[in-house]
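Examining the three-dimensional arrangement
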Amino acid sequence: MSDRMLASRRGVLDGLFLPKGEEFSLTPAPDAARFTLRGSPQAARAFGPAPPQVLRATSKGERLALWLGPDEILLIAPGEDAGAVQTELEHKLAGEPHALVDVSHRQIGLVLEGRLAARCLSAGCPLDLRLSAFPVGMATRTIFLKAEIVLFRQEDQRFHVEVWRSFAPYLIGHLGEALIGATGL
Amino acid sequence: MSEAFRLPGADGCPIRFVFDGMPYQGREGDTLASALLANGVHLVGRSYKYHRPRGILTAGAEEPNALVAMMRGPGRMTPNLRATQIEIFDGLEVRSQNAWPSLALDAGAINDIAGKFFSAGFYYKTFMGPKVAGSGLWTRVFEPIVRQAAGLGARTSEPDPDRYAQFHEHCDVLICGGGPAGIAAALAAGASGKDVVLCDEQAAFGGGLLHETRATIDGKPTRQWLAEALAALRAMPNVRLMPRTQAFGYYAQNFIALSERVADHLATDHPVRERLWQVRAKEVVIATGAIERPLVFSGNDRPGVMLAEAARIYLNRYGVKVGTRVVLVTAHDSAYRAALDLKAAGVTIAAIADLRSDPAGELVEAARAAGLPLIADARVAGTKGRLRVSKVGIAAGVGATRWIGCDCLLMSGGWTPSVHLYSQSRGKVVWHEDRQMFLPGASVQAERSAGACKGTFALATVLAEGQQAGAAAAGTSSPSITYVVAGDPPQSGGHLGRVKAADGASGKAFVDFQNDVKADDIDLAVQEGMRSIEHVKRYTTTGMATDQGKTSNLNALAIAAEKLGKSVPEVGLTTFRQPYTPVSFGAFAGANRGELFDPLRRTPTHAWAEESGAVFEDFGLWKRARYFPRAGEDMHAAVHRECTQARKSAGVFDASTLGKIEVVGPDSAAFLEMLYTNPWAKLEPGRCRYGLMLNEAGFVMDDGVIARLAADRFHVTTTTGGAPRVLHHMEDYLQTEFPDLRVWLTSTTEQWAVIAVQGPKAREIVAPLVEGFDIAHEAMPHMSIREGRVCGIPARVMRVSFTGELGYEINVPADFGRSVWEAVWAEGRKHDAVAYGTEAMHVMRAEKGHIIVGQETDGTVTPDDLCLGWAIGKAKKDFIGKRSLVRPDMVAPGRKQLVGLLTVNPETVLEEGAQITATATPKVGEAAQGHVTSAYDSPALGRSIALALVADGRKRKGQTLHVPMPGGAIAVTVVDPVFFDPKGDRLNV
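Each chain carries its own residue numbering, running from 1 in the written order of its sequence. Throughout, the order in which chains and ligands are written sets their labels, letters from A for the former and numbers from 1 for the latter. Only residues with pLDDT of at least 70 are given local features in this predicted model, and only at 80 or more are side-chain atom pairs given and counted; all residues enter the totals for whole chains, interfaces and linings.

Remarks on the overall build of chain B
Within chain B, the secondary structure is distributed over 24 helices and 51 strands. At 38 Å, chain B has a C-alpha radius of gyration far larger than the 30 Å of a compact globule built from 989 residues. With the principal axes as the frame, chain B shows a C-alpha extent of 115 × 70 × 55 Å. Here exposure depends only on C-beta density: within 10 Å of a residue's C-beta, 20 or more other C-beta atoms make it buried, 12 or fewer make it exposed, and intermediate numbers make it partly exposed, the C-beta atoms being placed from the backbone. Counting all 989 residues of chain B, 53% fall into the buried class. The helix and strand labels rest on DSSP assignments: H or I over at least four residues marks a helix, E over at least two residues marks a strand, and numbering proceeds from the N terminus. We compute the radius of gyration over the C-alpha atoms and compare it with the globule rule, which gives 2.2 Å times the number of residues raised to the power 0.38.

This is how it looks when you write it as structure tokens:
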């Protein structure tokens, strides 16, 4: 095994046009270690953030825990190494029945910002995205047209979206169309 | 001719447009209808069936006649638009429809003369009836002619270059209709602070207020009050005004669909043509107003015959006189307002013919005082004039008919509340005999009607009702504002069905102008046995299609009721269907077309394959490299080379699309025991096993290699197409049948890029890239898995084979897929390896007799049928499908079993799906013995091969069977399905 064989990373957004407007921007979230944690919601504590309530996300430092179901939490550790996080967590969770599965590369994170962010999402997501119905801190698994996404509102006009990698060009293409479709709104 | 019918002092900017090739001038704010009328043009189209000349009947969305095609360049022709809704702009080009060679001289008008052959039910009687004129003549000759002659506008065949957007919207209160009721509702609901959306199909809000010149609200002229009300609404940040937006459908759970015309009124380019809004409203206010009803008398469809209020709208709102000499036929007081306004504008009122014997009331008296000639107890004989009405025959009672000259005939049969949206919300309309109206009954959804659509016509009451509805929808108490209205005298009257005919009456009396349905057609339908209005509708086509009976429903109903001798509610009312007005297909499609129609899933190494010239094929939503042709190669040559070289040295294959599910938890082995036929409890960590999944009926539903990573962790692979189905199936059973098992499922299909290296040189290619484990034969036997690093990246490497060759599948995190692939490829090049695609993969697996789920299986195939009985754990107590495997049918002789077929001529490749018979020329009706499931030219065997399912196939090895084809039966010999390396020597190296 020689040094030259160290593989390099190429994300699915490589070379893809990301829609941008005065009141909307779409940027990739940083690479992150991601896990689905099943079976033991309280185990989120071992990761850092408090166990999230139903349809809510919690954070500690950069680490995020998103409630996706009664026994399912999505853990996101931006910039961290998946192997190291997994080792750390498995050590802390030893003896407690659970499933911790690395999905760092299964999906990507996108950050949607601006006054039109919710409007563009509403092109494919049927949920009520008004602040009164989908407040800051809310997170859910939902759909965007024919793609499944995880939607997390970080600020009034800032959403974090997780999408499986092969669906990302479809999602981004539709968000770009939605941005143009929102002309004048 | 330049706006000869425009009132002096029209202040809008002049606008030039073209209708049927002729340039015209209109004014800013005009609709096409008002601009044409300003130029004295009434003739705008030919009717659906009889090709009768037709004019502009209404001034709104209910227009049944004036349907035109708007030309906006290639792919941008829109047929069947209502001239009363098209806003004109500089350069607008519009054409009439259904007329050839020209509107004034239309060849199809022969249908009008031949009208008696086109009576109600014509379609059914001819297309489905006896062979009147000899066999096939109708279908070959007449039907195409009739189809060409009938109908409305033509469609365009070019792709639509416009963009259509779709958005979901949520609000607390949605108000459909921006007339006085809707505006009062919006003011009241807006004051609550809740999110309010007010939509109206017109460019301007105000509805009837836009042409009301007589009434005042709170002492202000209506238009001033309107301007102030709209300014107040615009100042409310929680109120959203949506003009040019038609609420066209009311669906379940207060889901209302709106269609917004964004660009059709603009002379300049705009990035969006239309927007479709899917609104979920907590509460809805329906304020859709009422539609004036035509009167049914002979010749009521001639150009120049209009509804009375439409004439008033054109006059007061657009400054356009509909004629110079007007006759009105009415049964309702509201037409007198039109007469008085027209008179005041200098139009001669030749007569007001009132069907009522004793018309009275404030408006009638005003008309008398103004000296307008009034004929009471009027009857109508008909109208004259070829392309424009010139005379109308009127009689007072049983008196003689007098033909009165006119260039415009206005009619009013009263008002029909627009209950379409209420009806679509599943509410049941209630017949009010005293008012001769269907009005909304109890609410089924969270909605309430207000104003004319609820049968309320007095402006003061309309405003009060709107206000109450808005407040109720917003959940606040009704505000104390009382709107004071003056100059809005009470109105009454109305008429349903036929108008009494005067002496000498003749000619067609139309009920449904758009579908060319006459009063006689309704009679005929009843006479021919139709009893329900739903049957009358279908038989005559009245109230069908895009019109949905807006102007015709009640007249048709009344005529049917009279003929049947029943009351109107006894005959019933047809369903109001969505959409209220037609919606562009583009709006429904939105951005979901071309590349964005479906998610187009690409693997991490897709770009490499593309750069290497791969030809792709669709696998569900996935794009997979099918083969990698070199210069001059066709598919056959490329696949032949890929197979040959893979077996000679090695081939590299992208297997990333394989479904992958990580099954984790202390009970994961127990769970897999139930889900797969095979035994898993004793599979050691580090080892793999082929797994077979059955449905409850015992039939094969999926297969794949399953690797045990640890006591409590399995890496399960599924077929590419089966991945979502298998995960769903597993989750379903886990939650409903085995909830006590502590095991959890996570899809990891996209976590891993999978690079398969297959061939005698596979180990030499993979070995230099691997660290942390030994891939030698003894250290890592066939069907094992190791975790370590490949190219420095954490990886899972499985020793598996789908080709029959020594093989490894390298799983690396997807972002590293491309880079690791390139490293593998660089090693492979040293050994003359090839990249191969799905086609070569299929050939090589068929040479080994490996099945593909969905190709060798079709949902009726058991493990034993596939010679996979060995994959069933004999000692297992249970697994899904186990009980079904011993059903009598499943063990009966004669089941189709997997076999190989060799054609007598080695060059002949069978057709997949072809039937197999015992004899070369089977008798008609003789059942087939089976069918071909896979067939290829096999490079390894140097001849064609095929897999097939054949009844009792295993017993028939050596027999000759036949595959009948159009060119003659092909003789085949039944053989074992494993064609190549049956002992598996090539695997164990």
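A look at the pairing of strand β5 (residues 67–71) of chain B
Residues and elements named next belong to chain B. Note that β5 and strand β6 (residues 78–82) share three bridges and pair antiparallel. Of the residues in β6, the one forming a bridge with M70 is T78. Between β5 and β6, which pair antiparallel in sequence order, lie six residues; one of them, G73, sits at a positive phi of approximately 100°. A pair of strands is labelled paired if DSSP reports no fewer than 2 bridges between them. Sheet topology note: the β5/strand β7 (residues 92–96) ladder contains four bridges and is antiparallel. Its bridge partner being in β7, V68 is matched across the sheet by S96.

Comments concerning helix α22 (residues 817–829) of chain B
With 13 residues, α22 of chain B should cover 18 Å at 1.5 Å per step; its first-to-last C-alpha distance of 18 Å lies within 8% of that length. G817, R818, S819, V820, W821, A823, V824, E827 and G828 of chain B are the residues of α22 of chain B that are buried. One less than the residue count of a helix, multiplied by 1.5 Å, gives the span that helix is expected to have.

Concerning the interface of chain B and chain A
Our contact criterion uses C-beta atoms placed from the backbone: two residues qualify when those atoms are within 7 Å. Taken together, the contact between chain B and chain A spans 44 residues of the former and 44 residues of the latter. Where the side of chain B that touches chain A is concerned, the elements lending two or more residues are β8 (164–176), β35 (659–664), β39 (744–747), β43 (793–799) and α22 of chain B. Among the elements that take part in the side of chain B that touches chain A, β8 of chain B stands out by supplying six residues, more than any other.

Looking at the confidence of the model for chain B
When pLDDT is averaged across chain B, the result is 94; 96% of the residues are at 70 or more. Across the whole predicted complex the pTM is 0.94, and at the interface the ipTM reaches 0.97. The pLDDT score gives, residue by residue, the confidence of the prediction method on a 0 to 100 scale.

Some words on the sheet that holds strand β24 (residues 408–412) of chain B
If you walk across this open sheet you meet the five strands as β17-β24-β18-β19-β20 (chain B), and the pairing is parallel. Every other strand in the sheet has two partners, leaving β17 (305–307) and β20 (374–375) of chain B as the edge strands with one partner each.

Considerations on the packing of helix α7 (residues 308–318) of chain B against helix α8 (residues 334–344) of chain B
Residues and elements named next belong to chain B. Axis geometry follows a simple rule: fit a line to the C-alpha atoms, using only the stretch in contact for helices, then measure angles between N-to-C directions, giving values from 0 to 180 degrees. It is at 8 Å that the axes of α7 and α8 come closest, and there the two elements cross at 35°. The hand of the α7/α8 crossing is left-handed. Of the residues in α8, those in contact with A308, E309, A311, R312, L315 and N316 of α7 are S334, A335, R337, A338, D341 and L342. Each residue is assigned to one of three groups, with Ala, Val, Leu, Ile, Met, Phe, Trp, Tyr, Cys and Pro labelled nonpolar, Asp, Glu, Lys and Arg labelled charged, and all others, Gly among them, labelled polar. When its residues are assigned to classes, the contact of α7 with α8 shows six nonpolar, two polar and four charged. Left-handed is the label given to a crossing in which the near helix is rotated counterclockwise from the far helix by less than a right angle, and right-handed is the label when the rotation is clockwise.

As for the pairing of strand β51 (residues 970–975) of chain B
All names here are of chain B. Burial of β51 is one-sided: the residues I970, V972 and V974 facing one way are buried, the residues A971, T973 and V975 facing the other way are not. In this structure, strand β50 (residues 960–963) lies alongside β51, joined through four bridges in antiparallel fashion. Pairing of T960 across the sheet is with T973, part of β51. Counted between consecutive antiparallel strands, the loop separating β50 from β51 contains six residues, among which G968 sits at a positive phi close to 115°.

Some details on unusual backbone geometry
Residue and element names in this part refer to chain B. In this structure, P579 follows Q578 across a cis peptide bond, with omega equal to -5°. With respect to the helices, strands and loops of the structure, P579 is situated in the loop between α15 (568–571) and α16 (585–589). The phi angle at C867 is positive, at roughly 60°, despite the residue not being glycine. Here C867 shows up in the loop between α23 (838–847) and α24 (888–891). Non-glycine residue D981 carries a positive phi angle of around 50°. Among the secondary structure elements, D981 is positioned in the segment after β51.

Focus: the sheet that holds strand β1 (residues 14–19) of chain B
Working definition: the strands of a sheet are paired by backbone hydrogen bonds and lie parallel or antiparallel to each other. Residue and element names in this part refer to chain B. A sheet is described by the order of its strands in space; here five strands give the open sequence β2-β1-β7-β5-β6, paired in mixed fashion. In this open sheet, the two strands that pair with only one neighbour each are β2 (22–27) and β6. Strand-to-strand, the axes of this sheet are offset by a mean angle of 40°, without reference to chain direction. Where β1 meets β7, three bridges bridge the pair, whose relative direction is parallel. Note that in β7 the partner of V18 across the bridge is E93.

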